[in-house]
Amino acid sequence: MKELYNTNEAADEAVISLEGVAFGYDPEHPILHDITLSVARGQWVSIVGPNGCGKSTLVKLLNALLPKSAGEIIISGQRLEEDTIGSIREGIGMVFQNPDNQFIGATVEEDILFGLEGQCLTYEEMDVRLKQYTEKLGISGLLSKHPGELSGGQKQRVAIASILAMKPGIVIFDEASSMLDEGSRNELLHILQGLRNEGYTILMITHDADEILASDRVLVLHGGSVAADLKPEELFLDQELLAKCHLREPYPWQLARELRRLGIETDVPASEKELIETLWPYNYSK
Amino acid sequence: MNERLLLGRSIETGSWVHKLDARSKITGMLLYLAIILISHSWAAMGLLAVFSVTVMLSTRIPLKYFIKSAKPLRFLMLFIFIVQILSVKEGEAWLTFGSFSLYEGGLRLGAFSVIRMLFLVTFTSLLTFTTTPGKLNQGLEGMLSPFKRLGLKPDRLTMMIGLALRFIPTILDESQIILKAQASRGADLKELPLKEKGRMLVSLLVPVITSAFRRAQDLVYSMEARGFRMDAPRTRYHRLRWGTADTLFVIMFIIMGVAVAVL
Ligand SMILES: Nc1ncnc2c1ncn2[C@@H]1O[C@H](COP(=O)(O)OP(=O)(O)OP(=O)(O)O)[C@@H](O)[C@H]1O
Ligand SMILES: [Mg+2]
């Protein structure tokens, strides 16, 4: 089993902390109320919940893209206020849901450079990062392409590269892999595991079981507040909660549950491979 | 490649023109515009043609792309040609059909207008073909920077141009999709009476504008999330660098201008 919390020295220090935060696009009808949560440095947190429950809205409050109507937000020890917005934004990278609308440059290269130029990096530093992150995301061949010439998945890769190249300490992904194919999704998971090892804090809004399982912790957003805060394994054992979030457990888990119903006890499998190993003996005992 | 896709797109071949500073290319284009306007003889036109085609070929971009960029204007050019032939009655009459005569002057002026237009469009696409929008913007910003003292903000202007160039193709795409969606529901714009056509256009515009606003909002989020602040200092990855080649490029146009003026 993977380790649940990172053990580097800064562990347990909260980098994101919300206290009684509320927000509504229409002040009369708040869609988020009394959100209280805290995320430790280096933690990888999945945020789940049904469509329209306010996940995207919640993360936009963290870097003040939307103004909270109540409560307190503290990011890396800084209280979110008018004059800390700039430095807080610097520490948070955000990959948005729609890859079309977050493409700022007229070409892939310009898009990645947009954030780096704003950070006032030197030419040499920008050059290194441009190469490093386009290679990491497999888009080095697309540098001079216009967004209109890219597929949805390629645009998502560009968006991810643009954000990671800025090296924020906290990265937030809003369904950033919705258009990626199976292989690219696995690549992204690998990249994220690498980031976690480097000490990045990751928030990931997702509906994907594998992504949830790869994370350390799950926050369930429902009815405008945090309905549950638990480990991914616990989420997938809670049928009621799963139904609430419109989620389905991964296939090996479904199978294990059915087997348990038939009286065959298996450990909760982490992967298909583990499940096969559990089932193998039954093949012989028949 | 689709014609619409050519709007503001650069085509990378790594030729000497690609490597020039955007400022020299913009200056060259402005001079070229002046040269076109002062060409008044067949000899000047001929020289201009040889010059233009040579420069276009030297970019190593296939000529067909340049020709394609003039395609949307073909009917306008034909129209201007016909108007000139019908209205200008100078020089000797070459052919006469009943009351209509074809004059040498009309033919010449018509041809000149068409050639000028053709050169103008194909040759200015050389600027966008050989320069990425970012470099073009940066060049423009560099050329406008003396106006900073007058209170003008060239970086804001070029940021706006850049975003517009980035979004126009997307919005056109979207209009196409909405148009098709409406057609698939049985509304064929071409077959409708005028009044209905107007109503259809409004019902096309509303979703296009709403979604353009949503895009703009999302784009602002994206820019702010990447730390963008208006008028904040930025460094540049591509630096403007005026070299000998740039000076020669501009001199080339000046020589052409003198030659055309003499001819
Ligand atoms: N700009 C806006 N103006 C007004 N209402 C909005 C706006 N954006 C979102 N909403 C509303 O706020 C609610 C929460 O939206 P949000 O995008 O945060 O949901 P979400 O959890 O991210 O959903 P999804 O899983 O579909 O991405 C929705 O009911 C939505 O209709
Ligand atoms: Mg969302």
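These figures come from a predicted structure and were not determined experimentally. (Residues numbered from 1 in each chain as written. Chains lettered and ligands numbered in written order. Predicted model: local features only at pLDDT ≥ 70, side-chain atom pairs only at ≥ 80, totals over all residues. Heavy atoms only, no water.)

The next point concerns the overall build of chain A. A tally of helices and strands in chain A yields 11 helices and 10 strands. The C-alpha atoms of chain A give a radius of gyration of 20 Å, which matches the 19 Å a tight globule of 286 residues would have. For chain A, the residues scored as buried account for 52% of the 286 residues in total. Considering only intrachain contacts with a sequence separation of at least 6, the fraction spanning at least 24 residues in chain A is 61%. Roughly 12,900 Å² of accessible area belongs to chain A as shown, and the carbon and sulfur atoms make up 49% of that amount. Positive and negative side-chain charges in chain A, numbering 25 and 45 respectively, have mean positions lying 4 Å apart. (Helix = DSSP H or I, 4+ residues; strand = E, 2+ residues; numbered from the N terminus. Rg over C-alpha atoms; globule rule 2.2 N^0.38 Å. Buried < 20%, exposed > 50% of the residue type's maximum accessible area, 1.4 Å probe, protein only. Contact = heavy atoms within 4.5 Å. Areas by Shrake-Rupley, 256 points an atom, 1.4 Å probe, with all protein chains shown as cover. Lys, Arg positive; Asp, Glu negative; His and termini not counted. Charge placed at Lys NZ, Arg CZ, Asp CG, Glu CD.)

This brings us to the side chain of T134(A). With respect to the helices, strands and loops of the structure, T134(A) is situated in helix α4 (residues 123–136). For T134(A), the side chain forms a polar contact with the main-chain oxygen of L130(A), separated by 2.6 Å. (Polar contact = N/O pair within 3.5 Å; in protein donor to acceptor, adjacent residues only side chain to side chain.)

With that settled, the discussion passes to the coordination of the magnesium ion (ligand 2). All names here are of chain A. The protein atoms donating to the magnesium ion (ligand 2) are S56 (OG) and Q97 (OE1), with metal-donor distances spanning 1.9 to 2.4 Å. Of this pair, S56 sits in helix α1 (residues 55–62) while Q97 sits in the loop between β6 (92–95) and α3 (108–118), and the two are 41 residues apart along the sequence. Of the residues examined, S56 reaches a relative accessible area of 18% and is grouped as buried. (Donors = N, O, S within 2.8 Å, 3.2 Å for Na, K, Ca; no water.)

Another point: the pattern of salt bridges. Residues and elements named next belong to chain A. What the rule picks out here adds up to 16 salt bridges over all chains. Note that R185 is salt-bridged to D208, the shortest N-O span being 2.6 Å. With a gap of 23 residues between them, R185 in helix α6 (residues 182–197) and D208 in the loop between β8 (201–205) and α7 (209–214) connect regions that are remote in the sequence. Accessibility assignment for this pair places R185 and D208 in one class, buried. (Salt bridge = Lys/Arg side-chain N within 4 Å of Asp/Glu carboxyl O.)

Turning our attention to the domain arrangement of chain B. All names here are of chain B. Looking at the assigned domains, one finds that chain B contains domain 1 (1–152 + 239–263) and domain 2 (154–230). Taken over C-alpha atoms, the centre of domain 1 sits 30 Å from the centre of domain 2. Opposite the 11 residues of domain 1 that make contact, domain 2 presents 11 residues. Carbon and sulfur atoms supply 73% of the area that domain 1 and domain 2 bury against each other, a total of about 1,000 Å² over both sides. Connecting domain 1 to domain 2 are 0 salt bridges. (Domains from an automatic or database assignment. Buried area = accessible area lost by both parts, 1.4 Å probe.)

As a further point, take the environment of F253(B). With respect to the helices and strands, F253(B) occurs in helix α10 (residues 244–262). As a C-alpha pair, F253(B) and L205(B) span 48 residues in sequence and 44 Å in three-dimensional space.

Turning to the packing of α3(A) against α4(A), a few remarks are in order. Residues and elements named next belong to chain A. Close contact between α3 and α4 brings their axes to 11 Å; oriented N to C, the two are set at 130 degrees. In this view, α3 runs oblique relative to α4, as classed from their interaxial angle. For the crossing formed where α3 meets α4, the hand is right-handed. Here α3 contributes E109, I112, L113, L116 and E117 to the contact with α4, which in turn contributes M126, R129, L130 and T134. Here the residues of the contact of α3 with α4 sort into 5 nonpolar, 1 polar and 3 charged. (Axes fitted to C-alpha atoms, helices over the stretch in contact; angles between N-to-C directions. Parallel < 35°, antiparallel > 145°, perpendicular 65-115°, else oblique. Left-handed = near helix turned anticlockwise from the far one by under 90°. Nonpolar A, V, L, I, M, F, W, Y, C, P; charged D, E, K, R; others polar.)

Glancing now at the packing of aromatic side chains. Applying the stated rule across the entire model yields 12 aromatic pairs over all chains. Considering the side-chain rings of F249(B) and F253(B), the 5.0 Å spacing of their centres and the 70 degrees angle between planes classify their relative orientation as edge-to-face. Of this pair, F249(B) and F253(B) are both found in helix α10, 4 residues apart, which corresponds to roughly one turn of the helix. Of the two residues examined, F249(B) and F253(B), each falls in the buried class. The lysine or arginine in question, K64(B), covers the ring of Y65(B), its NZ or CZ lying 5.5 Å from the ring centre. The side chain of R234(B) reaches across the aromatic face of F114(A), ending 4.7 Å from its centre. (Phe/Tyr/Trp six-rings, centres within 6.5 Å; stacked < 30°, edge-to-face > 60°. Lys NZ or Arg CZ within 6 Å of the ring centre and 35° of its normal.)

Residue and element names in this part refer to chain B. A cluster of nonpolar side chains, contributed by V53, L57, L63 and I67, occupies part of the molecular surface with about 330 Å² of accessible area. Elements represented by at least two residues in the nonpolar patch include exactly α3 (42–58) and α4 (63–70). Its place among the elements puts V53 in helix α3. The partly exposed category is assigned to V53, whose relative accessible area is 35%. (Patch = residues over 30% accessible without salt bridge, like charges linked within 9 Å, V, L, I, M, F, W, Y side chains within 5 Å.)

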